[in-house]
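# Residue-level structure breakdown
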Amino acid sequence: MMKLAKKDILGIRDMTVDEINLILETAESFLEISTREIKKVPTLRGKSIINLFYEASTRTRTSFEIAGKRLSADTINISASTSSVVKGETLIDTARNLEAMNPDIIVLRHSAAGAPHLLASLVRQSIINAGDGAHEHPSQALLDMMTIREKKGQLAGLKVAIIGDILHSRVARSNIYGLSKMGARIVVAGPATMMPRNIEQMGVKACTKLEDAITDADVVMMLRIQLERQKQNIFPSLREYAQHYCLNRKNIKLAKPDVIVMHPGPINRGVEISPDIADDPGCSVILDQVNNGVAVRMALLYMLSGGNE
Ligand code: NCD
């Protein structure tokens, strides 16, 4: 029985090391299903999962949908732009109406930090946070940790550099919580205007130069600039940003020779990562992250449903 002792997956901050390990091990065991000719097991037959997405998404939404389908659950996708949200319905009213249709799990992405926590306190269904504003993105951090562990064998003792718009990145925040719990050493770098003031209180080292952060790194994680969350212009131009913070053939030499390069996607080629690095099978694990994402989401759906196989 690999059941999680919680109703919801809201963030990595409130997860224990044992829970993280259990989720990663379960996800590793699910990887194989996606390589079968018939990529389907009956585990969640009869369960319904609603993907409720108030923000744009390609990977996360598709990945939750495929994960549910591979476990034989019925998956339903709702995106804000084609729902009654455009008619003025509130999140709470939408949730109450969905609850009345008796789904088992609701996967929520929302631009407001805390939206999944609010929903979790209101409805009896399990809520999975698929990204809430600049706050947390737990399934992304789990698939990132799974990918690092797959490539490096372990997380403890590794130097992980996280580069870019740290201030607005839920991916950075969830990874900082997770990777530090798992014993990795984290260095973040980005322009001062994209760095949270109290970041070192999260147990990471902060610098302004990309070069300082990636020196001797085992893992380099690049982030997209979250233009949609920036309230004012906090950097002069994309070109100038790229001059200082784009990972390229030259600066990557500062990292360990066997460094792996990660990005949650969507990537902006030539802004935070040069195309030749993004596409280099020798270091880029960006598509491995996507592959592992399906397995992590299968694990989360399975474990929240009480896992019995
Ligand atoms: C990330 C997100 O939405 O937070 N993308 C993702 O889920 N793969 C990162 C981003 O949008 O930059």
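Residues numbered from 1 in each chain as written. Predicted model: local features only at pLDDT ≥ 70, side-chain atom pairs only at ≥ 80, totals over all residues. Heavy atoms only, no water.

## Description of the sheet that holds strand S8 (residues 219-222)
Taken in spatial order, the five strands make up an open sheet running S7-S6-S5-S8-S9, and their pairing is parallel. If you trace the sheet from one side to the other, it starts and ends with strand S7 (205-207) and strand S9 (260-262), each paired once. For this sheet the average axis-to-axis angle between neighbouring strands, irrespective of direction, equals 20 degrees. Pairing of strand S5 (residues 159-163) with S8, which is carried by four bridges, proceeds in the parallel orientation. Its bridge partner lying in S8, Ile 163 is registered against Met 222. The strands touched by helix H6 (residues 170-181) are S5, strand S6 (185-189) and S8; relative to S6, the strand with the most contacts, the crossing angle is about 160 degrees. (Pairing = 2+ DSSP bridges. Helix = DSSP H or I, 4+ residues; strand = E, 2+ residues; numbered from the N terminus. Axes fitted to C-alpha atoms, helices over the stretch in contact; angles between N-to-C directions. Contact = heavy atoms within 4.5 Å.)

## A closer look at the side chain of Asp 280
Structurally, the position occupied by Asp 280 is in the loop between helix H9 (275-278) and helix H10 (286-304). Taking relative accessible area as the criterion, Asp 280 reaches 18% and is therefore assigned buried. A polar side-chain atom of Asp 280 sits 3.2 Å from a polar atom in the side chain of Arg 249. (Buried < 20%, exposed > 50% of the residue type's maximum accessible area, 1.4 Å probe, protein only. Polar contact = N/O pair within 3.5 Å; in protein donor to acceptor, adjacent residues only side chain to side chain.)

## Some details on the site of the ligand
Near the ligand the following residues occur: Arg 59, Thr 60, Arg 109, His 137, Gln 140, Arg 170, Val 171, Arg 224, Gln 226, Pro 264, Gly 265 and Pro 266. A distance of 2.8 Å separates an oxygen atom of the ligand from a polar atom in the side chain of Gln 226. Expressed as a share of its isolated accessible area of 320 Å², the protein-covered part of the ligand is 94%. Elements with a contribution of two residues or more to the shell around the ligand: helix H2 (59-70) and H6. Of the residues belonging to the shell around the ligand, the class tally is three nonpolar, five polar and four charged. (Near = heavy atom within 4 Å. Areas by Shrake-Rupley, 256 points an atom, 1.4 Å probe, with all protein chains shown as cover. Nonpolar A, V, L, I, M, F, W, Y, C, P; charged D, E, K, R; others polar.)

## Let's talk about the packing of aromatic side chains
Counted by the stated rule, this structure contains three aromatic pairs. Aromatic ring contacts, followed pair by pair, group Phe 235, Tyr 241 and Tyr 245 into a single cluster. (Phe/Tyr/Trp six-rings, centres within 6.5 Å; stacked < 30°, edge-to-face > 60°.)

## Overview of the nonpolar core
One recurring pattern in soluble globular proteins is that nonpolar side chains are buried together. Ile 128, Leu 142, Met 145, Ile 162, Val 188 and Leu 301 are the most contacted members of the largest nonpolar core, which has 61 residues in total. Of the residues forming this core, the biggest block, 10 residues, is contributed by H10. In this view, Ile 162 contacts Ala 172, Asn 175, Ile 176, Ile 186, Val 187, Val 188, Ala 189, Met 221 and Leu 223; residues no more than four positions away in its chain are not counted. Within the second largest apolar cluster, 28 residues are counted, among which are Ala 189, Val 220, Val 259 and Cys 283. (Core = buried A, V, L, I, M, F, W, Y, C linked by side-chain atoms within 4.5 Å.)

## What to know about the sheet that holds strand S1 (residues 48-53)
Each strand in a sheet pairs with another by means of backbone hydrogen bonds, the pair being arranged parallel or else antiparallel. Read across the open sheet, the four strands follow the order S2-S1-S3-S4; overall the sheet is parallel. Looking at the sheet topology across the chains shown, the edges are occupied by strand S2 (74-79) and strand S4 (126-132). Adjacent strand axes in the sheet meet at a mean angle of 15 degrees, parallel and antiparallel pairs treated alike. Sheet analysis places strand S3 (residues 105-110) next to S4, joined by five bridges and oriented parallel. Its bridge partner lying in S4, Leu 108 is registered against Asn 129. Across the sheet, helix H3 (residues 91-99) lies against S1, S2 and S3, angled at about 165 degrees from S1, the strand it touches most.

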